[in-house]
Amino acid sequence: MKKYKTPNLDELEKGPWPSFVKEIKRAAETNEMSNDLLGQLERSYDDRISHWKHGGIVGVMGYGGGVIGRYTDLPEEFPHVSHFHTFRVNQPAGWFYTSEALRTLCDIWEKHGSGLFNFHGSTGDIILLGTRTEELEPTFDDLTKAGYDLGGSGSDMRTPSCCVGKARCEWACYDTMKLCYDTTMRYQDELHRPAFPYKWKFKFAGCPNDCVASIARADISVIGTWRDDIKINQEEVRKYAEKGLDIFNDVVLNCPGKCMQWDGKELKIDNEYCRRCMHCINAMPLALSPGDDRGATILIGAKAPILEGALLSSVLIPFIKIDEPEEYERLCDIVERMQDVWCEEGKNRERVGEFIQRVGLGNFLEAAEVDIVPQMVEHPRENPYIFFEDYYEEDEEEEG
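Residues numbered from 1 in each chain as written. Predicted model: local features only at pLDDT ≥ 70, side-chain atom pairs only at ≥ 80, totals over all residues. Heavy atoms only, no water.

1. Some points on the overall build of the protein
Put simply, the test is: In this text, helices come from DSSP runs of H or I with a minimum length of four residues, and strands from runs of E with a minimum of two, each type numbered from the N-terminal end. Only protein chains enter the area calculation, which uses a 1.4 Å probe; residues under 20% of their type maximum are buried, those over 50% are exposed, and those in between are partly exposed. A contact between two residues is defined here by any heavy atoms of the two lying within 4.5 Å. Method for areas: the Shrake-Rupley scheme with a 1.4 Å probe, in which residue coverage is limited to the protein chains shown. A positive count includes Lys and Arg, and a negative count includes Asp and Glu. His and the chain ends are not counted in either. Charge positions come from single atoms, namely NZ of Lys, CZ of Arg, CG of Asp or CD of Glu.
Helix and strand counts for the protein come out as 15 helices and 15 strands. Summarising its shape, the C-alpha atoms of the protein cover approximately 75 × 70 × 40 Å along the three principal directions. Looking at the 400 residues of the protein, the share that counts as buried comes to 45%. Contacts in the protein between residues at least 24 apart in sequence constitute 65% of all its contacts with a sequence separation of at least 6. Per element, the accessible surface of the protein, about 21400 Å² overall, is 50% carbon and sulfur. Looking at charge distribution, the protein has the averaged site of its 46 positive side-chain charges lying 8 Å from that of its 71 negative ones.

2. Concerning the packing of aromatic side chains
Spelled out, the test is: Two rings from Phe, Tyr or Trp (for Trp, the six-membered ring) form a pair when their centres sit within 6.5 Å of each other. Planes less than 30 degrees apart are called stacked, planes more than 60 degrees apart edge-to-face, and all others tilted.
Using the criterion set out here, one finds 13 aromatic pairs in the structure. Summarising the aromatic geometry, the rings of Y97 and F119 are spaced 5.8 Å apart at their centres and angled 85° between planes, so their arrangement reads as edge-to-face. In this pair, Y97 sits in the loop between β4 (85–89) and α4 (99–112) while F119 sits in strand β5 (residues 113–119), placing the two residues 22 residues apart along the sequence. Residue Y97 is classed as partly exposed on the basis of its relative accessible area, which comes to 24%. On the basis of relative accessibility, which here comes to 40%, the residue F119 falls in the partly exposed class. With a centroid separation of 5.8 Å and an interplanar angle of 15°, the aromatic rings of Y187 and F202 are classed as stacked.

3. Some points on the packing of α4 against helix α5 (residues 136–145)
The following threshold applies: What counts as an axis is a line fitted to C-alpha atoms, over the stretch in contact for a helix, and the angles between N-to-C directions run from 0 to 180 degrees. When describing relative orientation, an angle under 35 degrees is termed roughly parallel and one over 145 degrees roughly antiparallel, while 65 to 115 degrees is termed roughly perpendicular and anything else oblique. Helix crossings get a hand from a simple test, with the near helix turned counterclockwise from the far one by less than a right angle marking a left-handed crossing and a clockwise turn marking a right-handed one. Amino acid classes used here: Ala, Val, Leu, Ile, Met, Phe, Trp, Tyr, Cys and Pro are nonpolar; Asp, Glu, Lys and Arg are charged; the rest, including Gly, are polar.
The interhelical angle for the contact between α4 and α5, taken along N-to-C directions, is 165°, at an axis separation of 10 Å. In terms of axis orientation, α4 runs roughly antiparallel to α5. Considering the relative orientation of α4 and α5, their crossing is right-handed. Of the residues in α5, those touching α4 at L105, I108, W109, K111 and H112 are P138, T139, D142 and L143. Looking at the contact of α4 with α5 residue by residue, the classes come out as 5 nonpolar, 2 polar and 2 charged.

4. Points about the sheet that holds β5
Let me state the cut-off plainly: When DSSP locates at least two bridges between a pair of strands, those strands are taken to pair.
Read across the open sheet, the 4 strands follow the order β2-β4-β6-β5; overall the sheet is antiparallel. Whereas interior strands pair on both sides, the edge strands pair on one side only; in this sheet they are β2 (67–68) and β5. Bridge count for β2 against β4 is 2 bridges, and the pairing is antiparallel. What sits directly across from V67, in β4, is F87.

5. Brief notes about unusual backbone geometry
Look at the link from F119 to H120: it is a cis peptide, with omega at 5°. Note on placement: H120 falls in the loop between β5 and β6 (126–131). One non-glycine residue, D210, lies in positive phi territory at about 50°. With respect to the secondary-structure elements, D210 resides in the loop between β8 (202–205) and α8 (214–217). Located in the positive-phi region is E369, a residue other than glycine, with phi close to 60°. In this fold, E369 is placed in the loop between α14 (361–367) and α15 (389–399).

6. Describing the side chain of Q234
As for its position among the elements, Q234 is in helix α9 (residues 234–242). Among all residues touching Q234, those that are not within four sequence positions of it are K265, E266 and L267.

7. Details of the nonpolar core
Quick reminder of the rule: For our purposes a nonpolar core is just a set of buried Ala, Val, Leu, Ile, Met, Phe, Trp, Tyr and Cys residues, chained together by side-chain atoms within 4.5 Å.
Counting residues in each nonpolar core, the largest one holds 37 residues, and the members touching the most others are W200, I220, V222, L316, I322, M338 and F364. Those elements giving two or more residues to this core turn out to be α6 (176–186), β8, β9 (220–226), β14 (294–300), β15 (314–320), α12 (325–345), α13 (352–359) and α14. Element by element, the count of residues in this core is highest for α12, at 8 residues.

8. What to know about the packing of α12 against α13
With their axes 11 Å apart at the nearest point, α12 and α13 run at an angle of 75° to one another. What the angle tells us is that α12 and α13 run roughly perpendicular. Each of V341, W342 and E345 in α12 lies in contact with α13, whose residues at this interface are V352, F355 and R358. Taken together, the residues of the contact of α12 with α13 break down into 4 nonpolar, no polar and 2 charged.

9. Here we look at the side chain of H192
For the record, the criterion: Residues adjacent in sequence count toward polar contacts only when both atoms are side-chain atoms; beyond that, a polar contact is any pair of N or O atoms within 3.5 Å, and within protein one must be able to donate a hydrogen and the other to accept it.
Inspection of the secondary structure assignment puts H192 in helix α7 (residues 188–192). Reaching out from H192, the side chain makes a polar contact with the side chain of D149 at a distance of 2.9 Å. With sequence-adjacent residues up to four places away left out, H192 is seen in contact with Y63, G64, G65, D149, L150, G151 and D156.

10. Overview of the sheet that holds strand β7 (residues 161–162)
One open sheet holds the 5 strands; their spatial order is β7-β8-β9-β14-β15, and the pairing between them is mixed. At either end of the open sheet lies a strand with only one pairing partner, and these are β7 and β15. Pairing geometry for β7 and β8, over 2 bridges, is parallel. Across the sheet, the residue bridging to S161 is K203, located in β8. The strands touched by α12 within the sheet are β8, β9, β14 and β15, with β15 carrying the most contacts at an inclination of about 160°.

11. Examining the pattern of salt bridges
Counted only if it meets this: Every case where a carboxyl oxygen of Asp or Glu lies within 4 Å of a side-chain nitrogen of Lys or Arg is listed as a salt bridge.
Scanning the model with the defined rule gives 24 salt bridges in all. With a closest N to O distance of 3.4 Å, E23 and R26 form a salt bridge. A residue pair is termed a helical-turn pair when its members lie 3 or 4 positions apart in one helix, as E23 and R26 do in helix α2 (residues 20–28) at 3 residues. The salt bridge involving K111 is made with D142; its shortest N-O contact spans 3.3 Å. Of this pair, K111 sits in helix α4 while D142 is found in helix α5, placing the two residues 31 residues apart along the sequence. Judged by relative accessible area, which is 17%, D142 ranks as buried. Because the salt bridges share partners, they merge into one network encompassing D10, E13 and K25.

Dropping the structure here:
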């Protein structure tokens, strides 16, 4: 096996953080694909360009998504990465694994591919980095026998992901893992057979801390919240103060809703102005906790920058008892109507958030037959000469 000199990559091992270079070097000791990957990566730093070509469409029988094609443009120099396709594998909800499950995945990938993993991609999947075209079907067969399915890739619904929710977190306002599993099962066809203008992501966060970053990345964000008062244990609040926490400067003044007061003995919260940001709860977890009337806020339209800039989600449904089956069915019905409009009118590689920006949120919601509510308004209008369509219709009726 040819050994490559890697002075550029060696520099990346010198920082304070764990290095992907170290892991590739470990794999390269026994795997020729990883070894050639090391050589090509060093060459890319020298040339200051990527030497990967777009892989086109590759996959397994019956699935349009789940495999990302990749080829080198230097196959003579690095023959073992002439094919270097990537699998996306559907991860368990909440990213819970047993040691046996991880060993099984490692055995499969060492048998068929480079042995390199990414736990996890931004979609949430287990990422298996690098195999040849002829190994795609055998890898899929072994994954299926082990109980794994492929995740989404391409212009389809990407693999739903969630935080650990009620399995480990006392702040979870609904069962994230159940909703993630139910959604994955419901949309199998949309997940594996690309039919959308571009990708569509569901992410489920149990509370406003949003540990899956859904508000920045998901087309549909389901973020746990509550609509009654924050629960306060005044005795624990005083203990925090006695132990040195500056409640006024570090908690009260950092409240975005300016809804808190602290007189040195008692903490008061005007819940009508609470933004549900979780800052005070994070600062004093023994003293404060979410209310009992729990559910979720549904948001739409986030994306990371690809063709255009990043977008954060906009409110779609301010509050929903998402754990209740009939409310979950209501959400799915709304989502499917919106997908129909987006599929009919959206441009190629246009995320639904970009589509909404182009046609206007009001027009989009009207086409999807979704009621407009005040919580959808990001900023109050400042021009008094803009009116809702209802006003025009009333004027026309009066004139008639």
